[in-house]
Amino acid sequence: MDINAETETLKKVPLFVKLDSSRLKLLAFTSSLMTFDDQEILFEAGDPSDSAYVIMSGDLEILTDTEQGYAVAGVLSVNDLVGEMGVLTNSPRSATIRARGQVKALKIDAEMFLNLVAENPSVALSVMCQLSEKIARTHRQYEATQARLQSLLAGEAGH
Amino acid sequence: MHPASDSAHAHKEEQRREAQLSGNSVFDTEADWVDYKAIGLDSAEALTHRAIEVLQIVDLEEDVYRLGLQGSIDAGAQPELAEQILQARTALRARLAEKDFKGLVESFDVDRYNSNMSVAENLLFGAALDPSFSEQQLPDNEDVLHVLQEFGLVQNLVDVGRQVATLMLDLFTGVEPGSPLFEQFSFISADDLPLFRTLLTRTEGILAGDLSREDRRMLLSLPLKLVVARHRLGLVDESFQERLVEARRVLTHRFGTLRKCIEPFDSERVNSAVSIQDNILFGRIVHGRARSGAQVGALLGEVVNRLNLRSALIKAGLDYQIGIAGSRLAAAQRQKLAIARAVIKHPYILILDEATVALDESAQNRIRHNLFEEFSDRTLIWLVHRAELAGDFDNIIILDDGKVAEQGSPANLDQPGTLFSQLYKRA
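In this numbering scheme, every chain counts its residues from 1 along its sequence in written order. Going through the entries in the order they are written, you letter the chains from A and number the ligands from 1. Where local features are concerned, this predicted model is filtered to residues with pLDDT of at least 70; where side-chain atom pairs are given and counted, the filter is 80 or more; whole-chain, interface and lining totals use all residues.

So, the overall build of chain B
We count a stretch as a helix when DSSP gives it H or I for four or more residues in a row; a strand needs E for two or more, and each element gets its number in order from the N terminus. The secondary structure content of chain B amounts to 19 helices and 8 strands. In this description the radius of gyration comes from C-alpha coordinates, and the expected globular size is given by 2.2 Å times residues to the power 0.38. A compact globule built from 427 residues should have a C-alpha radius of gyration of about 22 Å, whereas chain B, at 29 Å, is more than 25% larger. Principal axes of the C-alpha set define a box for chain B whose edges measure 90 × 70 × 55 Å. Out of the 427 residues in chain B, the part that is buried amounts to 26%. Residue pairs at least 24 apart in sequence account for 68% of intrachain contacts in chain B once pairs closer than 6 positions are excluded. To assign burial, the other C-beta atoms lying within 10 Å of each residue's own C-beta are counted, with C-beta atoms placed from the backbone; 20 or more indicates buried, 12 or fewer indicates exposed, and intermediate counts indicate partly exposed. A pair of residues counts as a contact when their C-beta atoms, built from backbone coordinates, are within 7 Å of each other.

Notes on the overall build of chain A
When its secondary structure is counted, chain A shows 5 helices and 6 strands. Listed by position from the N terminus, the elements making up chain A come as α-α-β-β-β-β-β-α-β-α-α. If you line up chain A on its principal axes, its C-alpha atoms span 65 × 35 × 25 Å. The buried share among the 159 residues of chain A stands at 27%.

Let's talk about the packing of helix α6 (residues 142-150) of chain B against helix α12 (residues 238-258) of chain B
Residue and element names in this part refer to chain B. For helices, the fitted line uses only the C-alpha atoms of the stretch in contact; every axis is such a line through C-alpha atoms, and the angle between N-to-C directions lies from 0 to 180 degrees. At a minimum axis separation of 9 Å, α6 and α12 run at an interaxial angle of 140 degrees. Looking at the two axes, α6 sits oblique to α12. The way α6 lies across α12 gives a crossing that is right-handed. Seen from α6, the contacting residues are Asp-143, Val-144, Val-147 and Leu-148; seen from α12, they are Ala-247, Val-250, Leu-251, Arg-254 and Phe-255. Angles below 35 degrees are treated as roughly parallel, those above 145 as roughly antiparallel, those between 65 and 115 as roughly perpendicular, and all remaining angles as oblique. Should the near helix be turned anticlockwise from the far one by less than a right angle, the crossing is left-handed, and should it be turned clockwise, the crossing is right-handed.

Some points on helix α4 (residues 79-96) of chain B
Note that an α-helix has 3.6 residues per turn; residues three or four places apart therefore point the same way. Residues and elements named next belong to chain B. By definition here, a helix of n residues has an expected span of 1.5 Å times n minus one. In this model α4 runs 26 Å from its N-terminal to its C-terminal C-alpha over 18 residues, within 8% of the 26 Å that 1.5 Å per residue would give. Within α4, burial applies to Ile-85, Ala-88, Arg-89, Leu-92 and Leu-96. Seen from one end, α4 has its buried residues packed into an arc of 105 degrees, which puts them on one side. In α4, the exposed positions angled more than 90 degrees off the buried face are occupied by Pro-79, Glu-80, Glu-83 and Ala-94. In the core, the buried residues of α4 are packed alongside β1 (105-107), α13 (276-281) and α14 (292-306). Note that the arc is computed from the directions linking the helix axis to the C-beta atoms.

Thoughts on the packing of helix α1 (residues 3-11) of chain A against helix α2 (residues 21-29) of chain A
All names here are of chain A. With their axes 9 Å apart at the nearest point, α1 and α2 run at an angle of 115 degrees to one another. On the basis of the axis angle, α1 is roughly perpendicular to α2. Regarding α1 and α2, the two cross each other, and that crossing is right-handed. Packed against α1, whose contacting residues are Ile-3, Glu-6, Thr-7, Leu-10 and Lys-11, the element α2 presents Ser-21, Leu-24, Lys-25, Leu-27, Ala-28 and Phe-29 at the interface. Grouping the amino acids of the contact of α1 with α2 by side-chain chemistry returns 6 nonpolar, 2 polar and 3 charged. Gly falls in the polar group here, along with every residue not listed as nonpolar (Ala, Val, Leu, Ile, Met, Phe, Trp, Tyr, Cys, Pro) or charged (Asp, Glu, Lys, Arg).

Some thoughts on the confidence of the model for chain A
Across chain A, the average pLDDT comes to 88, with 98% of residues at 70 or higher. pLDDT is a per-residue confidence score from the predictor, ranging from 0 to 100. Here helix α5 (residues 121-158) of chain A stands out as the least confident element of chain A, with mean pLDDT 85; strand β6 (residues 96-109) of chain A is the most confident, with 94.

Points about the interface of chain A and chain B
Listed by partner, the interface residues are 14 residues for chain A and 11 residues for chain B. Of all the secondary structure elements, the ones that give two or more residues to the side of chain A that touches chain B are α2 and β1 (32-36) of chain A. Ranked by residue count, the leading element in the side of chain A that touches chain B is β1(A), at 5 residues. Its residues assigned to classes, the side of chain A that touches chain B comprises 8 nonpolar, 4 polar and 2 charged.

Right, here's the structure in full:
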């Protein structure tokens, strides 16, 4: 895989859709193409968010730590962007990410990623939309949980 | 008397006379001025041994070991160490062949192109002994260009140089001139971008043989920096790589074996012109594997310990040039070294005034613990600004506004109503 193929993949990432080619090429050139073996951990929950990844080939599993050990909470595949939220909010990784089969991913340095957002209004806007969506989703989940909790409490009080 | 030492003696005598006449000190500046007895030792060797102990006390031993890995050895002067390094190379190679570690290091192999080394490194396949064979001067080295020409490589390299220049202009033209991206990633500095732009238009369609020396040098300098595995530009394909390896064989023979301008990598010998780490790894840590550096570092450490090479590496690290006032060390390393310098003098009283502020908490605790042990029969006075750090000491003095406000053992001071307990609580 060379830089041109990588640039083509980056074009398919929703966040980067509006960036021009030379900008994407620079992003590819300043990133590292990493290879991960099956079951290899990309990063663990709580690790510092030093980079974001774009999947070039293969699948990644999002793992959540439960009392019974790891559980797969979701799967990411080609063209997906991983780990960008931690970079944007400068907070530790919120989940553990593991390779399912062999995976190639472009590792974008945190500083490079933040520069990209800062210098490109279209990327910044896109990030804002994604974050808002996430907040809305979390809020809906919160309300649903609240409602469920209320009904449970009401049920208990009834006994 | 030997004539050489005779003239050396005369030279010293003359220096002494000159110093006397000009009113300077007449003592020999090159003599061993260390007062070994004052620090309870009897020789330079004992001092080195003690220095390593002190490095452990101040938590600096691992750092110096790493600096040692970057140092070099004189294989001729230290044949035993050279032999051990070769053993370490063999032992590490065996570990790297195991399933879990396969592919972490790409070995130096005279018959194969190494995709984790630059084109220049692949051509030289060793260290330049003559500066005109250094990576920077290679594009100007007529001897090397002559060999490249024999393999028809100059035209290829110039073509790739043009492609690299075009790409760099494309990538970096919009980037701020002061951006760190230039230093980290660009093959062309911000200042040189316009030069290359005009160069490309001026030399379009001109064959390598017809270029001016300067234009040729500029274009050749770019492809020499390419590291296939890192840059992933797809500009150095397999047939190109094969011809570079063929040219390497001729270069190694002509300028390594016959003329000693290069010291080539040799799987049977230690190379005194490259780092000890390069000698043991005998290859490059691959790009694009997460934690490859850490994994290889751990294997290296394991092999070094198994072969009892660690103290030799620390000794090599002790020769590291730290720069003016330690400018080539990190702030934490400088602070640790300053403590080491005080400890090795074996003082009866050591006073440390906020001497560990540049260190993280765990390093501070380790050093305090080690110094307590080291100074168990001597006096250690430690000035701290956080009361909880004072709890382990025999005697605490609290200063307030330049006066002694409280004094006593921790048990005495840790009572309700004392200043100490208030400070402790606040922390």
